[in-house]
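# Structural description and commentary
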Amino acid sequence: MQLTGSVPALTAAYEVIRQPLGEILPRLSAVLAELVPHRAVAELSTHCAHSPFKTYGAAEITGRLSTADLTPLLASGIPGRPWQGTLTLAGAERPALVVTSRATPRGAVLLLVRDADATPADEPAAALVQALWDVVTSHFDRMAAEALPGALARSRTAAGTRARVIAELGEAYSAALTGVLGVLRSRSLDDAAARATATDLAVSALVDLRAEAERDQQIAEEPAGQAFARLADSLRPLVRHSPVRLELGAPDSPRTVAADVAHTARVIVRALLLKALEQETVTRVHVAWQITDDELRATVRDDGPGTLTHGALAPGGVAERLAVLDGRLDVDAVPGWGTTVSATIPLRVSQDPAPDPLTALGERELQVLARLALGHRNRAIAQELHISESTVKFHVAKILTKLGVESRGAAAALFHAVA
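Residues numbered from 1 in each chain as written. Predicted model: local features only at pLDDT ≥ 70, side-chain atom pairs only at ≥ 80, totals over all residues. Heavy atoms only, no water.

Per an unreviewed UniProt entry, the chain carries the name LuxR C-terminal-related transcriptional regulator and comes from Streptomyces nigrescens.

Here's what the structure looks like:
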C-alpha cells in the first residue's frame, strides 16, 4: 500500500484499527512493510492488562523476544521521537526502528526489527510510522477506557489465566533452581571453581526469574496513586465552568491495581460524577478511592437533594461494568442532605473464572452484538460502524453460529445476561 499523501495514510490507519485486536499488529506490519521493510515487529502496550506484549513476523526472531527486550525501550523512549540504531535482539545485533506513542498516558512502544543490511528510514517515513502508531494506541486507549462488558470479561478471564500460569512457572523454576543451589553448595563437591561458577549462574537465573515477574506486574498493573491522578485530571474539566466544588480524596496506599480495575473505576466515577452534576442544587462533590488488600472502593458523594436511585444510574452502564468484575454498586440517598454512591471492585482475580460465551466473538462481532442488543437494525449498525449492510448480515450470522443460538433476540438476551 502506497502511503504517500494524507488520504492513503488515513486509509491505512483505518484499515489497521478496524481489525480485531489480535489482527491489528499483523495488519500494521503489512501496512508498514513497503515504507520500512522489516523482518519482525513487537509491541509493549501498557493499556492492555491481559496481553501487553505481542509479536509478529519471523519466528527465529519473535520466538526469542520478550518483555525484557522492550521494557528498556519503553522506559527510555521519547514520545514522538522515533529512534533508529542497532540493538541486541534474538541473539544478534540487528538494525531497529523504535517508536514511542504520544497518545497513551502510560506509554506504548513499537519495535521494527530490520534486515542486517537495511539503511535507516528517512525522516518522512519515520514520522509516518510515528503517526500510525499514535493512531493505533489512541484506539487502544479508548477501547480500554470504554471497554464493552464482553471485552472487559475477556480481559479479566485472560488476566486470571495468566496469573495462574505465572505463579505455576515461578514455583516450578524456583523449586528447580533452589534444588540446584542446594546440590552445588554441598561440601561433598571438591571442584570449588565449578561449584562457584554454577552457583553464580543459578543465582542469576533466580534473579532473572523474579525480575521477569516484576516486569510483568509493572506492565499489567498501575500504582493506585497514579491511577487516581489520571482520574483527577479527567474530572477537573467537567467542573471547570461550573459553580460545583470538586474535592478529591486520593488513596493512601502504595499498592498497585490491575489495569482493567483502574480503567473500570475511572469510567464508573466519571459516569457517577456526571449524574451528580445533573442535579440543580449540588454545590459540592467529593470523589475518593479507598483500597484494601481485597477491594477498591470508589465513592462519589454530593450535597444535592438526595434523590438519586439505582434506576437513575442505569443509563451510564455502571452496573454492567461492575458485574463483569464481580463488583457491586451501593446508593445511600438522604433526602435534603445528598447522595453517596459507592462502587466496590474486588482486587483478587479468580483463578478459575466462569466460562464466558462472548469470548468466542471477535472485536467487530462484539461491536455488532452490542448494537443488536440495543435493538438496532442492520442498516443502523452499518451506518454506526461505517461498514456495509451485507457485512453486518455476515457478522450477525457468525455471531448466531458462535453463540449457538437461532435468533437475534436470543443473541441479544445472551449478551444482556452475560454483560
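Right, picking up where we left off after that structure.
## A word on the sheet that holds strand 10 (residues 295-302)
A sheet is described by the order of its strands in space; here five strands give the open sequence 7-9-10-12-11, paired in mixed fashion. Edge strands, defined here as strands with exactly one partner in the open sheet, are strand 7 (245-249) and strand 11 (328-334). Pairwise comparison of adjacent strand axes, ignoring direction, gives a mean angle of 10° for this sheet. Pairing of strand 9 (residues 284-291) with strand 10, which is carried by seven bridges, proceeds in the antiparallel orientation. Following the sheet pairing, Gln290 is matched in strand 10 by Arg297. Those strands touched by helix 8 (residues 224-239) are strand 7 and strand 9, and its axis lies near 165° from that of strand 9. (Pairing = 2+ DSSP bridges. Helix = DSSP H or I, 4+ residues; strand = E, 2+ residues; numbered from the N terminus. Axes fitted to C-alpha atoms, helices over the stretch in contact; angles between N-to-C directions. Contact = heavy atoms within 4.5 Å.)

## A short note on unusual backbone geometry
Despite not being glycine, Ala90 shows a phi value in the positive range, around 50°. Position of Ala90 among the secondary structure elements: in the loop between strand 3 (83-89) and strand 4 (92-100). Residue class for Ala90 comes out buried when judged on its relative accessible area of 7%. Backbone geometry places His386, a non-glycine residue, at a positive phi of 60°. Position of His386 among the secondary structure elements: in the loop between helix 13 (378-385) and helix 14 (389-403). For His386, a relative accessible area of 62% translates into the label exposed. (Buried < 20%, exposed > 50% of the residue type's maximum accessible area, 1.4 Å probe, protein only.)

## Looking at the packing of helix 13 against helix 14
At a minimum axis separation of 8 Å, helix 13 and helix 14 run at an interaxial angle of 105°. In terms of orientation, helix 13 and helix 14 fall into the roughly perpendicular class. Of helix 14, the residues touching helix 13 (which contributes Asn378, Arg379, Ile381 and Ala382) are Glu389, Val392, Lys393 and Val396. Of the residues in the contact of helix 13 with helix 14, the class split is four nonpolar, one polar and three charged. (Parallel < 35°, antiparallel > 145°, perpendicular 65-115°, else oblique. Nonpolar A, V, L, I, M, F, W, Y, C, P; charged D, E, K, R; others polar.)

## Observations concerning the pairing of strand 3
With seven bridges joining them, strand 3 and strand 4 adopt antiparallel strand pairing. Following the sheet pairing, Thr86 is matched in strand 4 by Pro95. In this structure, the hairpin formed by strand 3 and strand 4 is closed by a connection of two residues, where Ala90 is found at a positive phi of approximately 50°.

## Regarding the packing of helix 12 (residues 363-373) against helix 14
The contact between helix 12 and helix 14 brings their axes to 10 Å, and the two run at 95°. Comparing their axes, helix 14 and helix 12 come out roughly perpendicular. Judged by residue contacts, Arg364, Glu365, Val368, Leu369 and Leu372 of helix 12 engage Val392, His395, Val396, Lys398, Ile399, Lys402 and Leu403 from helix 14. Of the residues that constitute the contact of helix 12 with helix 14, the class distribution is seven nonpolar, one polar and four charged.

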